[in-house]
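Structural description and commentary
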Amino acid sequence: MLKSPFRKKSKRRQREEARARAKWWDRYGEKIRLSLIAGGVVTAAAAIAQATIR
């Protein structure tokens, strides 16, 4: 088996990346979640409207 060309990330680096991800989700997660829900609502409404027309 070939050895990976990438070095294994240290525990410190893994923690730093996890914190950075958590910070990003804290900052943008709510907006993303709300936009996905809104998109689902619009899609469902369009499907219902199309079904009632026929």
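Here, the structure is the one placed above.
Just so we're clear, the structure is a prediction, and the values are computed from it rather than from any experiment.

Here the focus is helix 1 (residues 11-53). Between its terminal C-alpha atoms helix 1 stretches 58 Å, which fits the 63 Å expected from 43 residues at 1.5 Å a residue. Along its length, helix 1 shows its largest kink, about 50 degrees, at Tyr 28.

Together, Trp 24, Trp 25 and Tyr 28 line one region of the surface with nonpolar side chains, adding up to about 330 Å² of accessible area. Within the secondary structure layout, Trp 24 lies in helix 1. With a relative accessible area of 40%, Trp 24 lands in the partly exposed category.

On the surface, Arg 19, Lys 23, Arg 27 and Lys 31 cluster together into a positively charged patch. Take Lys 31: it is sitting in helix 1. Exposure remark for Lys 31: the relative accessible area of 58% places this residue in the exposed category.

What counts and how
- Residues numbered from 1 in each chain as written.
- Predicted model: local features only at pLDDT ≥ 70, side-chain atom pairs only at ≥ 80, totals over all residues.
- Heavy atoms only, no water.
- Helix = DSSP H or I, 4+ residues; strand = E, 2+ residues; numbered from the N terminus.
- Expected span 1.5 Å × (residues − 1).
- Bend = angle between axes of the 7 residues up to and from the residue.
- Patch = residues over 30% accessible without salt bridge, like charges linked within 9 Å, V, L, I, M, F, W, Y side chains within 5 Å.
- Areas by Shrake-Rupley, 256 points an atom, 1.4 Å probe, with all protein chains shown as cover.
- Salt bridge = Lys/Arg side-chain N within 4 Å of Asp/Glu carboxyl O.
- Buried < 20%, exposed > 50% of the residue type's maximum accessible area, 1.4 Å probe, protein only.
- Lys, Arg positive; Asp, Glu negative; His and termini not counted.
- Charge placed at Lys NZ, Arg CZ, Asp CG, Glu CD.

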